[in-house]
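Summary of structural features
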Amino acid sequence: MKRRSLLAASVTLSMAPGLLASCARSSTPVEQTGYLKNGMYLSDNFGPVKVETTTTQLEVLGKIPEELAGRFLRNGPNPVGEVNADAYHWFTGNGMVHGVRLDGGRADWYRNRFVGTGEVSGPNTHVIGHAGRTWAIVESGTPPMELGYELEPVGPRAGWDRFSAHPKYDPVTGEIHAICYDWANLRDHVEYVVRDTEANLVKSVDIPLPGMPMIHDMSLTNNYVVIYDLPVTLSFQALALGADFPFRWDDDHEPRVGLMPRDGSAKDIVWCPVSPNYAYHPMNAYEDNDGNVVVDICRYERMFNADTNGPFGDSLPRLDRWTFNPSTHRTTEEIVDERPQEFPRCHPELNSMPYRYGYSLAVGERKFPAVYKHDMQTGTSSTFNFGAGRHGAEAIFIPKENAESEDDGFLMTYVFDESRKASELIILDALDMTRPALAQVLLPVRVPYGFHGSWVPDDEVS
Ligand SMILES: [Fe+2]
């Protein structure tokens, strides 16, 4: 394990975040990330696959843990037909879900399916199991698409106007919480919603916000809903130019994070400043013994400023810890790990609670070369390198049935192998990142770089 200087630099913000930020931040290289080229998000393994594949003949290297019975699912953009490379935004491609079913040490099948039905472009960002069903989900005004067990689209979820790509699961109640924005229909507020274990709407709160910010994710703690109001907002100029994805960096939008009591409403939100940045994904959030709200989050210095085709051309994200004092409204920002990384995850049953281990994907120039395991308690990390010419994706942590520690479980992700021009599902031992993969399920096709997914155990779907 490599010991790094945890929290190497810090800054405290109260009333003038911009001034403090300018003297205290270190920043990742801007416009030098290798992504700022036309067509980058259509090139190499970002490019779409053209066909739906079903195979039940899968070669497996190593040994799949016998206790794993379910599907490893991942959603991502896969544009259909001809695409204008200059205008294409990575977030707008048609949804395609990839899945591998495991049972009793076997890999039963691989399937990829377009999420949409007919002319309807389906959600492309995440796929989850909830209320006994499988859901493809996205933000920005599209309802979830229900999928069948073999990933066939069942149909848009009736009665849902919109949802989020990142509902937060509450391990205590089994409910899911989401912040939903919908720029075409809601221009002055976002919605916070709670859906119960049957997916019924049990709470909805309108949160007025200036400037229609893009709010990709949220956090929960025991007492708070955490709202990321950051300076990427709806651009009327981009809209007028017909942009597929009309959100841009906005220097005039005050970056702040809201703490709304779970039983409160918009008038109860405590707003705390943060330095100018954009963040898609918190690793986790919780309340410390002093009542502060602690958020570990992947933070970009800039977003959609120079690069209007995807997220990686302006800066690459690092891992930060933000601590908010709800009484003083003061914020402390600390750098946890300056290495570029994204798609952070943690133990699913520790979401919203104090935790020790988090996992993230290394981001390099056009590459995703490794997965990091962070020990947030000791400030150490360990790395699993995918190997030369091999690039990964978001790694999901799956606890073992009889786990003896928080990190006693498996990490699963898809890896693209340049030499085979095809992908594989790999299963790692999260306890020991120095071990070779426990299993590699070789797929006959590529799984393009995409977004988010889930391990959906069979006993959680009807
Ligand atoms: Fe996301």
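Overview of the structure. (Residues numbered from 1 in each chain as written. Predicted model: local features only at pLDDT ≥ 70, side-chain atom pairs only at ≥ 80, totals over all residues.)

**Examining the pairing of strand β20 (residues 256–261)**
The side chains of a regular strand alternate, residue by residue, between the two faces of the sheet. Counting buried residues in β20 gives five out of six residues, a clear majority hidden from the surface. Pairing analysis gives six bridges linking strand β17 (residues 224–229) to β20, with the strands arranged antiparallel. Its bridge partner lying in β20, Val-226 is registered against Leu-259. Pairing between β20 and strand β21 (residues 270–273): four bridges, direction antiparallel. Bridge pairing links Leu-259 to Val-270 in β21. (Buried ≥ 20, exposed ≤ 12 C-beta atoms within 10 Å, placed from the backbone. Helix = DSSP H or I, 4+ residues; strand = E, 2+ residues; numbered from the N terminus. Pairing = 2+ DSSP bridges.)

**Some points on the sheet that holds β17**
The antiparallel open sheet is built from four strands, whose spatial order is β16-β17-β20-β21. Looking along the sheet, the strands with just one partner apiece sit at the ends: β16 (219–220) and β21.

**Here we look at the sheet that holds strand β9 (residues 133–137)**
With antiparallel pairing, four strands are arranged side by side in an open sheet as β8-β9-β10-β11. Looking along the sheet, the strands with just one partner apiece sit at the ends: β8 (126–130) and β11 (153–156). With direction set aside, neighbouring strand axes in the sheet form an average angle of 30°. Sheet analysis places β9 next to strand β10 (residues 145–147), joined by three bridges and oriented antiparallel. In the sheet register, Trp-135 faces β10, and the bridge partner there is Glu-146. (Axes fitted to C-alpha atoms, helices over the stretch in contact; angles between N-to-C directions.)

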